[in-house]
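# A structural walkthrough
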Amino acid sequence: MVAIAVNAVNAVNQIEPRWRLSFELEFLMPLRPSQPSSDIREIISVDKARQRLRGLLLEGASSDRTAPVGASYFDSLRDRALKASK
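Model, not experiment: these values are computed from the prediction.

### As for the overall build of the protein chain
For the protein chain, the count of helices and strands is 4 helices and 0 strands. The helix and strand sequence of the protein chain, counted from the amino end, reads α-α-α-α. Total accessible area on the protein chain stands at roughly 7500 Å², and carbon and sulfur atoms take up 61% of it.

Structural data, given as structure tokens:
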């Protein structure tokens with residue numbers, strides 16, 4: 001049992017910063033009954049989502065600038081969104 005916990009902690013250490021690890025272990029783990037492997041999978045999933053979002057933000061930040069948009073652009077965007085939601 002101790003070996004499983006140590007392996008789980010070692011795997012998490014490779015993914016998460018120390019402050020997050022201590023937060024997870026101290027506050028979140030005792031609140032919900034689960035297996036260490038499911039916690040690690042959840043942490044990995046959250047980290048992958050964070051990395052994907054970071055990649056999208058960096059891609060957008062490095063893209064070419066466009067011309068400034070006005071009210072008509074947002075009006076057409078709102079119309080498209082309303083049509084898509086119907």
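### Remarks on the packing of aromatic side chains
Here the structure, examined in full by the defined rule, presents 1 aromatic pair. Where Tyr 73 meets Phe 74, the ring centres are 5.3 Å apart and the plane angle is 80°; that geometry is what we call edge-to-face.

### Examining a nonpolar patch on the surface
Taken together, the side chains of Val 69, Tyr 73, Phe 74 and Leu 77 present a nonpolar region at the surface, about 350 Å² in accessible area. Within the secondary structure, Tyr 73 sits in helix α4 (residues 71-85).

### Observations concerning helix α3 (residues 36-62)
Spanning 27 residues, α3 covers 39 Å between terminal C-alpha atoms, matching the ideal 39 Å at 1.5 Å per step. What α3 keeps buried is the set Asp 39, Ile 40, Ile 43 and Asp 47.

### As for the pattern of salt bridges
Enumeration according to the criterion identifies 2 salt bridges in this entry. Measuring nitrogen to oxygen at the nearest pair gives 3.0 Å for the salt bridge that ties Arg 78 to Asp 75. Here Asp 75 and Arg 78 lie together in helix α4, a separation of 3 residues that amounts to about one turn. Given a relative accessible area of 48%, Arg 78 falls into the partly exposed group. Note on Asp 75: relative accessible area 37%, which makes it partly exposed.

### A short note on the confidence of the model for the protein chain
The share of residues in the protein chain with pLDDT of 70 or more is 59%, and the mean pLDDT across the chain is 76. Ranking the elements of the protein chain by mean pLDDT puts helix α1 (residues 2-15) last with 48 and α4 first with 93. Ignoring residues within four places in sequence, the model shows residues 1-9, a span with pLDDT below 50, making 5 contacts including any to other chains.

About the criteria used
Residues numbered from 1 in each chain as written. Predicted model: local features only at pLDDT ≥ 70, side-chain atom pairs only at ≥ 80, totals over all residues. Heavy atoms only, no water. Helix = DSSP H or I, 4+ residues; strand = E, 2+ residues; numbered from the N terminus. Areas by Shrake-Rupley, 256 points an atom, 1.4 Å probe, with all protein chains shown as cover. Phe/Tyr/Trp six-rings, centres within 6.5 Å; stacked < 30°, edge-to-face > 60°. Patch = residues over 30% accessible without salt bridge, like charges linked within 9 Å, V, L, I, M, F, W, Y side chains within 5 Å. Salt bridge = Lys/Arg side-chain N within 4 Å of Asp/Glu carboxyl O. Expected span 1.5 Å × (residues − 1). Buried < 20%, exposed > 50% of the residue type's maximum accessible area, 1.4 Å probe, protein only. pLDDT = per-residue confidence, 0-100. Contact = heavy atoms within 4.5 Å.

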